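# Architecture at a glance
The residues making up each chain are set out below.
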Amino acid sequence: MVPQDPNIAIKQPNELAPGISGLTEDWSSDQRAFKNVSWGKAMMWIFLLSDTFIFSSFLIGYMTVRMSTAVDWPPVSEVFSLSFGGDPIPLILIAIMTFILITSSGTMVLAVNYGYRKDRKKTALLLLITALLGASFVGMQVFEWTKLIVEEGVRPWANPMGASQFGSVFFMVTGFHGFHVSVGVLFLLLIARKVWRGDYDTGKKGFFTSQKGRYEIVETMGLYWHFVDLVWVFIFAFFYLW
C-alpha cells in the first residue's frame, strides 16, 4: 500500500472548492438544488412560477386600468351584494366562496398528510372532499357571472354601472382563475380514484402514476391546489376589497 503524502489535501465527497469555482462546480455537477426532488414535483414548481407571472400581470393590469380610467369605477361592494329576503349584504357570496376555497386548502393538507402515511381510504376521501369544495366554488362563480350578465347587463366590452373596463378585467381575471380551479377539480377526482383503487400501492402503470408505494402525486397536486387558493386571496384583496 502506497503511503499518502501528508502535503496533498484530500477532497471529501461533500467538500466544495471555495469561491465562484465551487459554486459553478456545485450547480453544474449533479443539479444539487433538485437532487432529492422528483421530476414531476420540479416541473410543477416551474409551472407555478410561470403561472405566478401571468396572474401578476393580470393584477398589475387591473390596478393600472383602475387608477387610469376617467370614468367612475363601479362600487364593488354593491355590485356583488346579495339579498336573502332582506336588505342586500355586500360581498356575502364572495366571502362564502373565499371560505370554501380556504377550507379546501385545509382538506388538501390532510390528504397529503395521510398520503405520507399511505392511508389509502382517508387520502382518497379527503381528495374527494377537496374536489367537491372546489366544484362548489366554481358553481358559485357561475352564479355570480350569470347574475352580472343577465341581471346587471355587464359585458366584457360594456358596463352600464360605470367604467367599461370593469367587465373585461373581471371576466378575464376570475375566468382564468376559475379555469384553474376547474382543471384542479378534474385532476383531484382522477387521483382520488387511483388512490382508492390502490394504484399507488401496487405500482400499476398508467396516467399520473408514480413508483410503487409512493403517493408523491398527492403532494404535487397539493402544491397546485394551494397555489390556486393563494391566488384567490390576492384576487379577493385587490379586486373585491379595493
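For clarity, every value in this text was computed on a predicted model and none was experimentally measured. (Residues numbered from 1 in each chain as written. Predicted model: local features only at pLDDT ≥ 70, side-chain atom pairs only at ≥ 80, totals over all residues. Heavy atoms only, no water.)

### Focus: the packing of helix α4 (residues 92-116) against helix α8 (residues 216-240)
Running from amino to carboxyl end, α4 crosses α8 at an angle of 160°, the nearest separation of the two axes being 9 Å. Viewed along their axes, α4 and α8 adopt a mutual orientation that is roughly antiparallel. Of the two elements, α4 crosses α8, and the hand of that crossing is left-handed. Each of Ile94, Met97, Thr98, Leu101, Ser104, Ser105, Met108, Val109, Ala111, Val112 and Tyr116 in α4 lies in contact with α8, whose residues at this interface are Val218, Glu219, Met221, Gly222, Trp225, His226, Val228, Asp229, Trp232, Phe236 and Tyr240. (Axes fitted to C-alpha atoms, helices over the stretch in contact; angles between N-to-C directions. Helix = DSSP H or I, 4+ residues; strand = E, 2+ residues; numbered from the N terminus. Parallel < 35°, antiparallel > 145°, perpendicular 65-115°, else oblique. Left-handed = near helix turned anticlockwise from the far one by under 90°. Contact = heavy atoms within 4.5 Å.)

### Quick word on the nonpolar core
One finds Phe80, Met108, Leu127, Val218, Trp232, Phe239 and Tyr240 to be the most contacted residues of the largest nonpolar core, which totals 55 residues. Put simply, the parts of the chain that give this core at least two residues each are α2 (39-68), α3 (76-79), α4, α5 (120-151), α6 (165-197) and α8. The element best represented in this core is α8, accounting for 14 residues. (Core = buried A, V, L, I, M, F, W, Y, C linked by side-chain atoms within 4.5 Å. Buried < 20%, exposed > 50% of the residue type's maximum accessible area, 1.4 Å probe, protein only.)

### What to know about the pattern of salt bridges
Taken as a whole and assessed by the stated rule, the structure comprises five salt bridges. Note that Arg120 and Asp201 form a salt bridge whose closest N and O atoms lie 3.9 Å from each other. Remark: Asp201 occurs in helix α7 (residues 199-202) and Arg120 occurs in helix α5; sequence separation between them is 81 residues. The exposure class of Asp201 is partly exposed, given its relative accessible area of 28%. Across the pair Arg197 and Asp199 runs a salt bridge whose closest N-O atoms are separated by 2.6 Å. (Salt bridge = Lys/Arg side-chain N within 4 Å of Asp/Glu carboxyl O.)

### Here's the deal with the layout of surface pockets
Here the largest pocket is characterised by a volume of approximately 200 Å³. Forming the boundary of the largest pocket are 11 residues, of which Met44, Phe47, Val183, Phe187 and Tyr224 lie nearest the centre. Listing elements by their share of the lining of the largest pocket, those giving two or more residues are α2, α6 and α8. In the lining of the largest pocket, the residues fall into nine nonpolar, two polar and no charged. (1 Å grid on protein atoms, 1.4 Å probe; cavity = no way out; pocket = protein on both sides within 12 Å on 5 of 7 lines; lining within 4 Å. Points joined across faces, edges and corners; volume = space filled by probe spheres on them. Nonpolar A, V, L, I, M, F, W, Y, C, P; charged D, E, K, R; others polar.)

### Some points on the environment of Tyr114
Mapped onto the secondary structure, Tyr114 falls in helix α4. Counting along the chain gives 104 residues from Tyr114 to Val218, while the straight-line C-alpha distance between them is 9.7 Å. Excluding anything up to four places from it in sequence, Tyr114 contacts Asp119, Lys122, Thr123 and Leu126.

### Things to note about a nonpolar patch on the surface
Nonpolar side chains collect at one region of the surface, where Leu125, Leu128, Ile129, Leu132 and Leu189 lie side by side and expose about 410 Å² of accessible area between them. The element that contributes the greatest number of residues to the nonpolar patch is α5, accounting for four residues. Assignment of secondary structure puts Leu128 in helix α5. Its relative accessible area of 36% is what places Leu128 among the partly exposed residues. (Patch = residues over 30% accessible without salt bridge, like charges linked within 9 Å, V, L, I, M, F, W, Y side chains within 5 Å. Areas by Shrake-Rupley, 256 points an atom, 1.4 Å probe, with all protein chains shown as cover.)

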